[in-house]
Amino acid sequence: MRIVVNTVSVKKRSGGAYQIALNFLRATLRPVDGVEWVYWTSADVDAAVGDLFEVVRGKRYFVFPTQPDFLHSYRHVKAAIHALEEQLRPDVVYSISSPCYISFRTPEVMRFANAWVTNPTKNAWAALSLRQKVRMSFYCIAQRRLLGRARYVITQTETVRKGILRVTHLPPSHVGVVPNVLPQAFQELDATPATRIQGEYDVACVAAPVPHKNLRIIPRVLRELSGIMPQARFRFHVTIPSEHPLWAMMKKELGTYGLEGSVVNHGYCTQRQLAAIYRACQFCFLPSHLETFSASSLEGMYFGLFIVATDYEFNHDVIGPAGLYFSPTDAADAACRIADIAQSPALQETLSLRMKKQLSCFSDYQKSFESTVAYLKSVGRHEI
């Protein structure tokens, strides 16, 4: 069976899709029974893994300008890919970032992971400015239209699967779920906690400074914590670019509460730098109003951090009983959940045991890869 791994629309800055594409391509280097891999690769992805495919470059590995690039190379890339499709006659096209804005005659399996389209929340929309709401509305209309062309889809959680079925009306067997896993790079890093000082608590809040991540709640959570546990010292660790307006607003608000220095901003971090932050912390705070599958929750569990997250279905899908949940817009509720853990060794022990069990469901990349390949094979054999 000939399977195309299509990453032409995967950009370096497309977050999780970029890492998922790199991991999947590397995994295909090991022989898979009954599968011949073909690669249609974006320039961004090629820059990271192209040297691994030199022996098949131009034969089964083809590189294109990263798409969509409507005003420049899009038409040329579309024509070239259609010519390759006609020449190679693949059985399946697996598009890791979808929609890729190119249609195929070959059965396509879209990997779709856009929560704005499948399971948006009222609070996520409320976090946007009027201009952002208008832009997001048009974007979601376009995404739904393109997703409506899908015949087969792979996604990461049952919550998103239900959203895809609602949008597309596909038969349930045509939408598969393959959960995300803890990145291999983190599993190879030291997770030993750094030295802790009694009465001091460090909280990791690793997220991009976009409105739906709800980072603006942090100063208010710190204010509430100072009232609940006045003798303790809490520090939140964030990864916001120093020039971003959110960081200036956050510092100003902290100043009004007399909590200067209670948030440490590390800016953009590599995986090793993130690991150092996690090792220094005891808590992982996840205030987001919208996610498909947050890798931060897996990373937090791997480093043994007690998780406090917004009470949404997408968080329960991944964290399960291994964390505590708070009402998404209620800073006092979030502070109470953090304080509950900080003040209860028994609860800490219970959560630690639950985290180890929960993390075991998301630690085997090879199993995830094999599940994806099995689904692609089923499509190629017309079994679903």
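Our subject is the structure that appears above.
What counts, and at which threshold
- Residues numbered from 1 in each chain as written.
- Predicted model: local features only at pLDDT ≥ 70, side-chain atom pairs only at ≥ 80, totals over all residues.
- Heavy atoms only, no water.
- Helix = DSSP H or I, 4+ residues; strand = E, 2+ residues; numbered from the N terminus.
- Rg over C-alpha atoms; globule rule 2.2 N^0.38 Å.
- Contact = heavy atoms within 4.5 Å.
- Areas by Shrake-Rupley, 256 points an atom, 1.4 Å probe, with all protein chains shown as cover.
- Core = buried A, V, L, I, M, F, W, Y, C linked by side-chain atoms within 4.5 Å.
- Buried < 20%, exposed > 50% of the residue type's maximum accessible area, 1.4 Å probe, protein only.
- Pairing = 2+ DSSP bridges.
- Axes fitted to C-alpha atoms, helices over the stretch in contact; angles between N-to-C directions.
- Expected span 1.5 Å × (residues − 1).
- Arc of directions from axis to C-beta.
- Polar contact = N/O pair within 3.5 Å; in protein donor to acceptor, adjacent residues only side chain to side chain.
- Salt bridge = Lys/Arg side-chain N within 4 Å of Asp/Glu carboxyl O.

Asker: Provide a residue-level description of the overall build of the chain, including the pertinent values.
Answerer: The helix and strand tally for the chain stands at 16 helices and 13 strands. Here the C-alpha atoms of the chain give a radius of gyration of 22 Å, agreeing with the 21 Å that 2.2 N^0.38 yields for 384 residues. In terms of principal-axis extent, the alpha carbons of the chain reach across some 70 × 45 × 40 Å. Sequence-distant contacts, at least 24 apart, represent 68% of the contacts inside the chain between residues at least 6 apart. When the accessible surface of the chain is split by element, carbon and sulfur atoms take 53% of a total near 17,800 Å².

Asker: An account of the nonpolar core is requested, with residue identities and associated values reported.
Answerer: Judged by nonpolar contacts, the single largest core of 62 residues is most densely connected at I218, V221, F236, M250, V263, F285 and I338. Ranked by residue count, the leading element in this core is helix α14 (residues 331-342), at seven residues. Core analysis: the second largest hydrophobic core is formed by 33 residues, I20, V32, V49 and V92 among them.

Asker: An account of the sheet that holds strand β13 (residues 323-326) is requested, with residue identities and associated values reported.
Answerer: Strands sit in the order β10-β9-β8-β11-β12-β13 across an open sheet of six strands; the sheet is parallel. Edge positions in the sheet fall to β10 (263-265) and β13, since each has one partner strand and no second. Across the sheet, the mean angle from the axis of one strand to that of its neighbour is 25°, orientation sign disregarded. Note: strand β8 (residues 200-205) against strand β9 (residues 233-238), six bridges, orientation parallel. Looking at the pairing, A204 lines up with H237 of β9. The strands touched by α14 are β8, β9, β11 (283-286), β12 (306-310) and β13; relative to β13, the strand with the most contacts, the crossing angle is about 155°.

Asker: Could you give me a rundown of helix α6 (residues 130-147), with the residues and numbers involved?
Answerer: The first and last C-alpha atoms of α6 sit 25 Å apart over 18 residues, in line with the 26 Å expected at 1.5 Å per residue. Taken together, the buried positions of α6 are occupied by M136, C140, Q143, L146 and L147. Angularly, the buried residues of α6 cover 120° about the axis, an arc narrow enough to put them on a single face. Those residues of α6 that are exposed and aimed more than 90 degrees away from the buried face are L130, R131, F138, I141 and R145. At its buried positions, α6 is contacted by β5 (108-111), α4 (115-118), α5 (122-126), β6 (152-155) and α7 (158-168).

Asker: Just give me the short version of the pairing of strand β3 (residues 61-64), but keep the residues and values in it.
Answerer: Alignment of strand β2 (residues 36-42) against β3, held across four bridges, turns out to be parallel. In the strand pairing of β3, T41 is matched with V63.

Asker: I'd like to hear about the environment of T66, residue by residue, with values.
Answerer: Inspection of the secondary structure puts T66 in the loop between β3 and α3 (74-88). When the C-alpha positions of T66 and D317 are compared, they lie 32 Å apart, and in sequence the two are 251 residues distant. In this view, T66 contacts V8, V10, K11, S42, A43 and D44; residues no more than four positions away in its chain are not counted. Among the polar contacts made by the side chain of T66, one reaches the main-chain amide nitrogen of A43 at a distance of 3.4 Å.

Asker: Tell me what's going on with the pattern of salt bridges, and back it up with residues and numbers.
Answerer: Considering all chains together, one arrives at 14 salt bridges under this definition. Across the pair E313 and K162 runs a salt bridge, and its minimum N-O distance is 2.8 Å. Note that E313 is positioned in helix α13 (residues 313-319) and K162 in helix α7, a separation of 151 residues in sequence. A residue is classified by how much of its surface remains accessible, and E313, at 42% relative accessible area, is partly exposed. With a relative accessible area of 38%, K162 lands in the partly exposed category. One salt bridge connects R337 with D340, and the closest N-O pair in it is separated by 2.9 Å. Residue R337 and its partner D340 are located together in helix α14, separated by three residues, close to a single helical turn. A relative accessible area of 32% places D340 in the partly exposed class. Look at the salt bridges and you will find they share partners, linking D46, E54 and R57 into a network.

Treat this as a map of the structure, not an account of what it does.
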